[in-house]
Amino acid sequence: MKDIICTNCGCKKLLKTATPFGVHDQYAKFVENPTLKIYACLKCGHLEFFDTYAIDAYKQRTSNKSTIIAELQRLNKQYEAVNYPTAIAKIQEEIRHTEHKLTDLDITIRQQQKLQEKLNELKENLVRLRKEEYNLKDQIAKLDKKLREANIELSKDEVIEG
């Protein structure tokens, strides 16, 4: 740690030390933390406490939340594209149109085979779109749950801005 100063008197001479007193109240867990660094001012004796582990853990939690939000936005865009009403309706309309053509008595066997292939392909596309829609809904639900959990974890942190 460099450029640390005493917040009491402004002195730049600090001595790294261990806990100089027995703590038996709500701060005991905090002071016994092995990542805690304690410095004593050589001028006035004021103690400065630093816990970089806690800060890194907090930054990781906020980073995780940002990653979840970005992934949710990406999946929601994908879902909108798949679930777009005209995408499915267009395929369904093509299926109806192709099935109607197949009922025509004036088509050749070759035309009938091509229409049947097209119909099968359209039905496969419709099934694929519905599966993709289901999978995206599932992924979005799981990420929503993770986001709620991340928000709960972050709500436990008390950040004071002054």
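How each quantity is defined
Residues numbered from 1 in each chain as written. Predicted model: local features only at pLDDT ≥ 70, side-chain atom pairs only at ≥ 80, totals over all residues. Heavy atoms only, no water. Axes fitted to C-alpha atoms, helices over the stretch in contact; angles between N-to-C directions. Helix = DSSP H or I, 4+ residues; strand = E, 2+ residues; numbered from the N terminus. Parallel < 35°, antiparallel > 145°, perpendicular 65-115°, else oblique. Left-handed = near helix turned anticlockwise from the far one by under 90°. Contact = heavy atoms within 4.5 Å. Salt bridge = Lys/Arg side-chain N within 4 Å of Asp/Glu carboxyl O. Buried < 20%, exposed > 50% of the residue type's maximum accessible area, 1.4 Å probe, protein only. Expected span 1.5 Å × (residues − 1). Arc of directions from axis to C-beta. Phe/Tyr/Trp six-rings, centres within 6.5 Å; stacked < 30°, edge-to-face > 60°. Pairing = 2+ DSSP bridges.

**Focus: the packing of helix H3 (residues 85-102) against helix H4 (residues 109-155)**
Two elements in contact, H3 and H4, have axes whose closest approach is 9 Å; the angle formed by their N-to-C orientations is 155°. Here H3 is positioned roughly antiparallel relative to H4, judged by the angle of their axes. In this structure, H3 meets H4 at a crossing whose hand is left-handed. Across the interface between the two elements, Ile 88, Ile 91, Gln 92, Glu 94, Ile 95, Thr 98, Glu 99, Lys 101 and Leu 102 from H3 touch Gln 112, Leu 115, Gln 116, Lys 118, Leu 119, Leu 122, Lys 123, Asn 125, Leu 126, Leu 129, Arg 130 and Glu 133 from H4.

**Some remarks on the pattern of salt bridges**
Per the counting criterion, the structure on display carries seven salt bridges. The salt bridge involving Arg 96 is made with Glu 93; its shortest N-O contact spans 3.1 Å. Of this pair, Arg 96 and Glu 93 are both found in helix H3, three residues apart, which corresponds to roughly one turn of the helix. Look at Arg 96 and you get partly exposed, because its relative accessible area is 47%.

**Quick look at the environment of Leu 36**
By the secondary structure assignment, Leu 36 is in strand E2 (residues 36-41). For Leu 36, a relative accessible area of 11% corresponds to the buried category. Between the C-alpha atoms of Leu 36 and Thr 52, which are 16 residues apart in sequence, the distance is 7.5 Å.

**Looking at H3**
Here H3 contains 18 residues, and its C-alpha end-to-end distance of 26 Å stays within 8% of the 26 Å for a straight helix at 1.5 Å per residue. Every buried residue of H3 is accounted for by Ile 88, Ile 91, Ile 95, Thr 98 and Leu 102. Buried residues of H3, seen end-on, are gathered within an arc of 90° and therefore sit on one face of the element. Turned more than 90 degrees off the buried face of H3, the exposed positions are Pro 85, Lys 90 and His 100. Contact partners of the buried residues in H3: helix H2 (52-83) and H4.

**Thoughts on the packing of aromatic side chains**
Tallied over the entire structure, the rule returns one aromatic pair. Ring centres of Tyr 39 and Phe 50 lie 5.8 Å apart, and the angle between their planes is 75°; this geometry places the pair in the edge-to-face category. With Tyr 39 in strand E2 and Phe 50 in strand E3 (residues 47-51), this pair connects stretches of sequence that are 11 residues apart. Taking the relative accessible area as the measure of exposure, Tyr 39 reaches 11% and is therefore buried.

**Topic: H2**
Between its first and last C-alpha atoms H2 spans 46 Å; for 32 residues at 1.5 Å apiece the expected length is 46 Å, and the two agree. Its buried side turned inward, H2 meets H3 and H4.

**Description of the sheet that holds strand E1 (residues 14-17)**
Read across the open sheet, the three strands follow the order E1-E2-E3; overall the sheet is antiparallel. Of all the strands in the sheet, just E1 and E3 have a single pairing partner and so form its edges. Neighbour-to-neighbour, the strand axes of the sheet open up by a mean angle of 30°, direction not taken into account. Lying on the sheet, H2 is in contact with E2 and E3; it crosses E3 at an angle near 40°.

In short, the description is geometric, and any link to function would need to be established separately.
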